[in-house]
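Geometric and topological summary
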Amino acid sequence: MTFIKKIQYLTSNCYNNFNKMIVSPCISICKTDSSTGYCYGCARTIEERKIWKDPKTTDEWKSNNLVNIKERLTGWQLDSFNESYDHKINNGISLFKKNLLKDKQKYE
């Protein structure tokens, strides 16, 4: 089984669980802007990223944080985030990761 097939298998098995939980807004572009403190990809602060990983974090907090994130983003960045986040919710993988895997497959 190729690396790509393994990832597709694992993500397809996890897909049903995505419908039962609020998916992390991480879209795999993890770089923090030094002037704002927000991630270029998901617009979260380092503290918010830690809170998302905490198993005690409530769905209410996550929902509110998603609203705050989308308010921080504008124009093409908001459009790009929405497209990648929707893809992640519906397919179990962000568009950025999907494209990385596609590129890696070219070289296998």
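Definitions and limits used
Residues numbered from 1 in each chain as written. Predicted model: local features only at pLDDT ≥ 70, side-chain atom pairs only at ≥ 80, totals over all residues. Heavy atoms only, no water. Axes fitted to C-alpha atoms, helices over the stretch in contact; angles between N-to-C directions. Helix = DSSP H or I, 4+ residues; strand = E, 2+ residues; numbered from the N terminus. Contact = heavy atoms within 4.5 Å. Nonpolar A, V, L, I, M, F, W, Y, C, P; charged D, E, K, R; others polar. Disulfide = S-S within 2.5 Å. Buried < 20%, exposed > 50% of the residue type's maximum accessible area, 1.4 Å probe, protein only. Lys, Arg positive; Asp, Glu negative; His and termini not counted. Salt bridge = Lys/Arg side-chain N within 4 Å of Asp/Glu carboxyl O. Polar contact = N/O pair within 3.5 Å; in protein donor to acceptor, adjacent residues only side chain to side chain. Core = buried A, V, L, I, M, F, W, Y, C linked by side-chain atoms within 4.5 Å. Parallel < 35°, antiparallel > 145°, perpendicular 65-115°, else oblique.

**Considerations on the packing of helix α3 (residues 59-72) against helix α4 (residues 75-91)**
Between α3 and α4, the shortest axis-to-axis distance is 9 Å and the interhelical angle comes to 145 degrees. Residue-level inspection shows L66, I69 and K70 of α3 in contact with α4, the latter providing L78, F81, N82 and Y85. Looking at the contact of α3 with α4, its residues break down into five nonpolar, one polar and one charged.

**Brief notes about the state of the cysteines**
Here the structure, examined in full by the defined rule, presents zero disulfides. C39 takes part in no disulfide bond, and the closest cysteine sulfur to it belongs to C42, at a distance of 3.8 Å.

**Some points on the side chain of K88**
By the element assignment, K88 lies in helix α4. Although K88 is buried, it forms no salt bridge, and the closest oppositely charged side chain is D86 at an N-O distance of 12 Å. Only 2.7 Å separates the side chain of K88 from the backbone oxygen of C26, close enough to count as a polar contact.

**Looking at the pattern of salt bridges**
Oppositely charged side chains are able to pair whenever their charged atoms sit close together. As enumerated under the stated definition, the model contains one salt bridge in all. When the shortest N-O distance is used, the salt bridge between E48 and R72 registers 2.7 Å. Highlighted residues: E48 in helix α2 (residues 46-53) and R72 in helix α3, separated in sequence by 24 residues.

**Some words on the nonpolar core**
By size, the foremost hydrophobic cluster in this structure holds twelve residues: I22, V23, I27, C39, C42, A43, W52, L66, I69, L73, F81 and Y85. Only α3 and α4 provide two or more residues apiece to this core.

**Quick word on the packing of α4 against helix α5 (residues 95-106)**
Two elements in contact, α4 and α5, have axes whose closest approach is 8 Å; the angle formed by their N-to-C orientations is 75 degrees. Comparing the axis directions of α4 and α5 gives the class roughly perpendicular. Packed against α4, whose contacting residues are E83, S84 and H87, the element α5 presents L95, F96 and K98 at the interface. Looking at the contact of α4 with α5, its residues break down into two nonpolar, two polar and two charged.

**Quick notes on unusual backbone geometry**
A negative phi holds for most residues other than glycine; trans holds for most peptide bonds. Despite not being glycine, S28 has its phi angle at roughly 70 degrees, a positive value. As for its placement among the helices and strands, S28 is situated in the loop between α1 (3-18) and α2. Look at A43: it is not a glycine, yet its phi comes out positive at around 65 degrees. Topologically, A43 is positioned in the loop between α1 and α2.

**Points about the environment of W52**
If you trace the backbone, W52 turns up in helix α2. What makes W52 buried here is its relative accessible area of 7%. Residues W52 and N65 lie 13 residues apart in sequence; the distance between their C-alpha atoms is 9.3 Å. Not counting the four nearest positions on each side in its chain, W52 is found in contact with I22, V23, S24, P25, R44, T57, W61, K62, N65 and L66. A distance of 2.7 Å separates polar atoms of two side chains, one belonging to W52 and the other to N65.

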